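Listed below, chain by chain, are the residues.
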Amino acid sequence: MPWSRILSGIVAIALALGMIIMGGWYFTVGFGVIVYLGQLEYFQLARAKGIAPAAKTTLAVSQGLLITAALAPELVDAMFPLAGTLICFYLLFQPKLSTIADIASSVLGLFYGGYLPSYWVRLRVGLDPGNLATTQLSQAVASNLPVNISSPPSWTTSSHISLGLTSLLLAFFCIWAADIGAYFVGKFFGRTSLSHISPKKTVEGAVFGVCGSIAVAVAGSGYLHWPGWPYTGAAFGLLIGVASLLGDLTESMMKRDAGVKDSGQLIPGHGGILDRTDSYVFTAPLVYYFVTLLLPAIDSFLSDLLLH
């Protein structure tokens, strides 16, 4: 593996961990920069196909979604269709008649590059103890959280540690395990091609990547005392492993359609922002709802069984 790839990967992980641990506006602003750069690359792919999306408007409203996710997470779902409507209205008044492809690529840019990533901000910032009392959704989530999840052992008992931080860290560790495992096993032991969309990906690498995600999730869920461990951890790891793989393939499909190898050249040895963050897009809502809806439901179910 080239040293540039290794060093840039280490720097990227260090920056990501710093943003995650600091949380709050540090995470929101840093994440907003990543989203902005990723959307720029997405729109470059669209323009390579002769499409003229509403890039500036989509970039602006996407940042609005991220800020809203930090301040009032329950409003993001309401803002998304409004933002899409605003983009369509903007395209109506362009000098050149906009096409269906222009509209579709703009709305996809909002969904793929703004709305789905906003779930990471909802998870890390919206579930912080200081923010839980500010929104109705957060109040509902807080009142139904499994006791053991909010009181993990060892260093995670510190007052500044939140459910959002522990679950986001576990999710990112799962994604990293899946990516690293799939890369090395696929490179040295892969023989069976996984998909024509990305010829270098192999079945062996994909299977090992998903298994790596499951292993990390099982270990993490046990450490955090999730209800239903180790089964909930295995399900969490499976969801992340599969969703991160599909996210990678989706970005590869867009690059192949645009006729480019990488989405950009920002990260030495890795390509562009989208090349490094494609695994995080579709996993975001799965992680959020797994932690805020499924785990509380499992905890309540198990508690009822014990009472009876």
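Read on for a plain summary of the structure.

So, how was this worked out
- Residues numbered from 1 in each chain as written.
- Predicted model: local features only at pLDDT ≥ 70, side-chain atom pairs only at ≥ 80, totals over all residues.
- Heavy atoms only, no water.
- Helix = DSSP H or I, 4+ residues; strand = E, 2+ residues; numbered from the N terminus.
- Buried < 20%, exposed > 50% of the residue type's maximum accessible area, 1.4 Å probe, protein only.
- Contact = heavy atoms within 4.5 Å.
- Areas by Shrake-Rupley, 256 points an atom, 1.4 Å probe, with all protein chains shown as cover.
- Core = buried A, V, L, I, M, F, W, Y, C linked by side-chain atoms within 4.5 Å.
- Expected span 1.5 Å × (residues − 1).
- Bend = angle between axes of the 7 residues up to and from the residue.
- Axes fitted to C-alpha atoms, helices over the stretch in contact; angles between N-to-C directions.
- Parallel < 35°, antiparallel > 145°, perpendicular 65-115°, else oblique.
- Left-handed = near helix turned anticlockwise from the far one by under 90°.
- Nonpolar A, V, L, I, M, F, W, Y, C, P; charged D, E, K, R; others polar.

1. Some details on the overall build of the protein chain
When its secondary structure is counted, the protein chain shows 14 helices and 2 strands. Counting every position in the protein chain, which comprises 308 residues, the buried fraction comes to 48%. Partitioning the contacts of the protein chain with sequence separation of at least 6, the portion at a separation of at least 24 is 72%. Summed over all atoms, the accessible surface of the protein chain reaches about 15000 Å², with 71% contributed by carbon and sulfur.

2. Some points on the nonpolar core
Among the nonpolar cores identified, the biggest contains 58 residues, and Phe27, Phe31, Trp120, Val121 and Phe236 are the most heavily contacted of them. The element best represented in this core is helix 10 (residues 163–189), accounting for 10 residues. Once you skip the residues sitting within four places of it in the chain, Val121 turns out to touch Phe27, Thr28, Phe31, Leu66, Ala69, Ala70 and Gly126.

3. Focus on helix 14 (residues 283–307)
Between its first and last C-alpha atoms helix 14 spans 34 Å; for 25 residues at 1.5 Å apiece the expected length is 36 Å, and the two agree. Maximal helix bending in helix 14 amounts to about 40 degrees, located at Phe290. Among all positions of helix 14, only Thr283, Ala284, Pro285, Val287, Tyr288, Phe290, Val291, Thr292, Leu295, Pro296 and Asp299 are buried.

4. Description of the packing of helix 3 (residues 55–71) against helix 5 (residues 100–115)
Viewed as axis vectors pointing N to C, helix 3 and helix 5 meet at an angle of 30 degrees, and their least axial separation amounts to 9 Å. Comparing the axis directions of helix 3 and helix 5 gives the class roughly parallel. Considering how the two elements wind past one another, helix 3 and helix 5 form a crossing that is right-handed. Judged by residue contacts, Thr58, Val61, Ser62, Leu65 and Leu66 of helix 3 engage Ser106, Gly109, Leu110, Gly114 and Tyr115 from helix 5. Grouping the amino acids of the contact of helix 3 with helix 5 by side-chain chemistry returns 5 nonpolar, 5 polar and no charged.

5. Some points on the side chain of Ser252
If you trace the backbone, Ser252 turns up in helix 12 (residues 231–258). Contact partners of Ser252, with chain neighbours within four places excluded, come to Ile197, Ser198 and Lys201.

6. Considerations on unusual backbone geometry
The omega torsion across Trp229 and Pro230 is 10 degrees, close enough to zero to call that bond cis. Note that Pro230 resides in the loop between helix 11 (203–223) and helix 12. Here His225, not a glycine, exhibits a phi torsion of approximately 60 degrees, which is positive. Its relative accessible area of 42% is what places His225 among the partly exposed residues.

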